[in-house]
Amino acid sequence: MTWISQLCLAVKSPESAARYRNAAIGILFVPLTQLMVVPIQTSLRSHGITLPASVLVMLMVTLVMLVANLVSRSVSNFYIQYMKGPTDFLGRHMAFGFVPPFVMLSKDHLNTAADIPRIAGAFVVTTFISYVGCYLFATGSFKLESRIRGLERRVGDIESQTEQTTILSSKASSAKRVSQMSQLTIRMVNNESLSSIDTFSSPPAGMDFLVRTSPLWISLTLLLTVGLPIYCATGYDIPFEVFLFVFLWIGTILFQRSLRTLKTLAPYPRLKYSLVVVCNPVLIVAALGTAYFWIKAAAKHQSIETVLDNFKRHDDWAQIVAHIAQDHDPRQHIGAADLATALLDTGIVSLGLKMFEYRAALWRSFATVLSTSLAAAIASVFLNVALARAVGLAAAEALAFAARNVTIALGAPAVLHLGGSTTLMSALVIFSGMIFQMTGDLLFAWVAIPDQRPTGVASGIQYAPRRGGVVTEKNSGNNNAAMMTTSDSDAEDGKKEDDDAISQHGAECKIIAAGVTVGINAAAMGTTHLLERDSMATAYSALSMIMFGCITVGLTSIPTVAQALKALAA
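Right, let's walk through the structure included here. (Residues numbered from 1 in each chain as written. Predicted model: local features only at pLDDT ≥ 70, side-chain atom pairs only at ≥ 80, totals over all residues. Heavy atoms only, no water.)

Glancing now at the packing of aromatic side chains. This structure, assessed with the given rule, holds 11 aromatic pairs. Judged by centre distance (6.3 Å) and plane angle (45°), the rings of Phe-240 and Tyr-292 are tilted. Taken together, the residues span a long stretch of sequence, with Phe-240 in helix 10 (residues 238-260) and Tyr-292 in helix 12 (residues 281-299) at a distance of 52 residues. We note that Phe-240, like Tyr-292, is buried. When the ring of Tyr-292 is compared with that of Phe-293, the centres are 4.9 Å apart and the planes differ by 65°; the resulting orientation is edge-to-face. By the burial criterion, Tyr-292 is buried, and Phe-293 matches it. An aromatic cluster is present here, built from Tyr-231, Phe-240, Phe-245, Tyr-292, Phe-293 and Phe-311 joined pairwise through their rings. Looking at Arg-19, its charged tip hangs above the ring of Tyr-20, at a distance of 5.5 Å from the centre. Over the ring of Phe-356 we find Arg-359; its NZ or CZ atom is 4.4 Å from the centre of that ring. (Phe/Tyr/Trp six-rings, centres within 6.5 Å; stacked < 30°, edge-to-face > 60°. Helix = DSSP H or I, 4+ residues; strand = E, 2+ residues; numbered from the N terminus. Buried < 20%, exposed > 50% of the residue type's maximum accessible area, 1.4 Å probe, protein only. Lys NZ or Arg CZ within 6 Å of the ring centre and 35° of its normal.)

Orientation of helix 2 (residues 14-46) relative to helix 3 (residues 53-71), taken along the N-to-C sense of each, is 120°, at an axis distance of 8 Å. As summarised for this structure, helix 2 and helix 3 are arranged oblique, according to the angle between their axes. At the point where helix 2 passes helix 3, the crossing takes the right-handed sense. From helix 2, Met-36, Val-37, Ile-40, Gln-41 and Leu-44 reach across to helix 3, where they touch Ala-53, Ser-54, Leu-56, Val-57 and Met-60. Of the residues belonging to the contact of helix 2 with helix 3, the class tally is eight nonpolar, two polar and no charged. (Axes fitted to C-alpha atoms, helices over the stretch in contact; angles between N-to-C directions. Parallel < 35°, antiparallel > 145°, perpendicular 65-115°, else oblique. Left-handed = near helix turned anticlockwise from the far one by under 90°. Contact = heavy atoms within 4.5 Å. Nonpolar A, V, L, I, M, F, W, Y, C, P; charged D, E, K, R; others polar.)

Within the largest apolar cluster, 120 residues are counted, with the highest numbers of intra-cluster contacts made by Val-99, Trp-249, Phe-293, Phe-311 and Phe-401. Sequence-distant contacts of Phe-311, that is, excluding residues within four places in its chain, are made with Pro-100, Val-103, Met-104, Glu-241, Phe-245, Phe-293, Gly-335, Ala-336, Ala-337 and Asp-338. Listed in part, the 13 residues of the second largest apolar core include Leu-44, Val-75, Val-349 and Phe-356. (Core = buried A, V, L, I, M, F, W, Y, C linked by side-chain atoms within 4.5 Å.)

Geometric values such as these leave the question of function open.
Shown next, in the form of structure tokens:
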């Protein structure tokens, strides 16, 4: 077999084909999302509304999917079969959109070095209080909601549609293998040729590795054959920087995954975990990107502010489209970071599809998510600002703490309206998400939150059914003894099932509380990590992140509240 045929065999394998199909559809979603986001953002801005359009589009997508599913139940199956893969792809790579804000921190500096320990102290204290408070409040709220609703939660499944589709897919795959075995048996009995039977030949390990890492080599090839020549010939650096950051992102992700499966580090679990934590993709790519721009600024004898202004031209694509419509020069209004912003918008919109996927679970805990988000927003807006001011921060830095937990898309307009530092707010949000990405697995293990599905199981928590009635045994020599034995056995089984149900209800309570806590405190980066973790808390995190952010924006937009916060910071 030649290497070309081996490569084709590896590319045509079902796993590789599905992976690249999902990636292609996910990338196609990026421009399609902007076709919806840009007009809405332009309309909102013309009316003086600072709410990000990507959040509204996300809610619209969820609503449309819910209505469509009510009209036709086939919508759920269509989502699972064709849209879940691209949605997961966007969720896993949404964190790439947080690299540019991290790099842009080099553009603005704090006034004095004395502010750094004060900011760090306020950050640590507010983070601890917020995590503990949100988790405890969400736990109590869910228990109260369960009692009010009178839910027994005996038979349930957080993702029943996902499980059903997965089971059907598994059955279809098994049936296909059985069919092939049947063909093989028939042909062997009849002494016929076996060459016409469809087989699932596995590709060689080397070719399989090449196909799995092909995005890395493709981005490197484009960097060297397209980006670099254009940059050297014309000085236009956007293609070069786009391919460079994509190459760094893919390479860092693959390197981190290889560390997790490296057999050499198996005897040293603590060292292995430490290396995986340190090799956080956002941290590594942002650090390398920052070093690149400082080197570029020194080589071109320009200030770092000028270099970064070319890296990120505008805040959103509505501004980009408006400026391009005026002078018809896209090169002057699109930077490499603006493309990452489009990916971040698409990732936020894709969370709407994720909430549709988990719609049943979200409905059962909607009051918990809403009450916790409301209480956390009211508390954080005032207490964070008061604490930041108490440690000696200036008014602008203290006001940045009003939205220190809110995702950047929602928090920036809120802090800008208050007159706070959006740069510091962005840094706080990024560090909050990054800390959870680096320590989330350890934290979940320490608290014993069973949020990950067992291997091979596609659904969430399952609850043991209660056995109803007493089963009598007929045709027995001693009817009374048989009935007594059966009753005792049923009583023991019923007690065991009650204990299992209570245990599973407690596990669900932990998962919901953890998801809400992550969404409120780690925002989009935390939600992305839960999605990569294949966590059942993902939907709760996404919904609480949006609710918490919208409530915070709504509070800070009220003139009385805004004046009170400014007075508190002053």
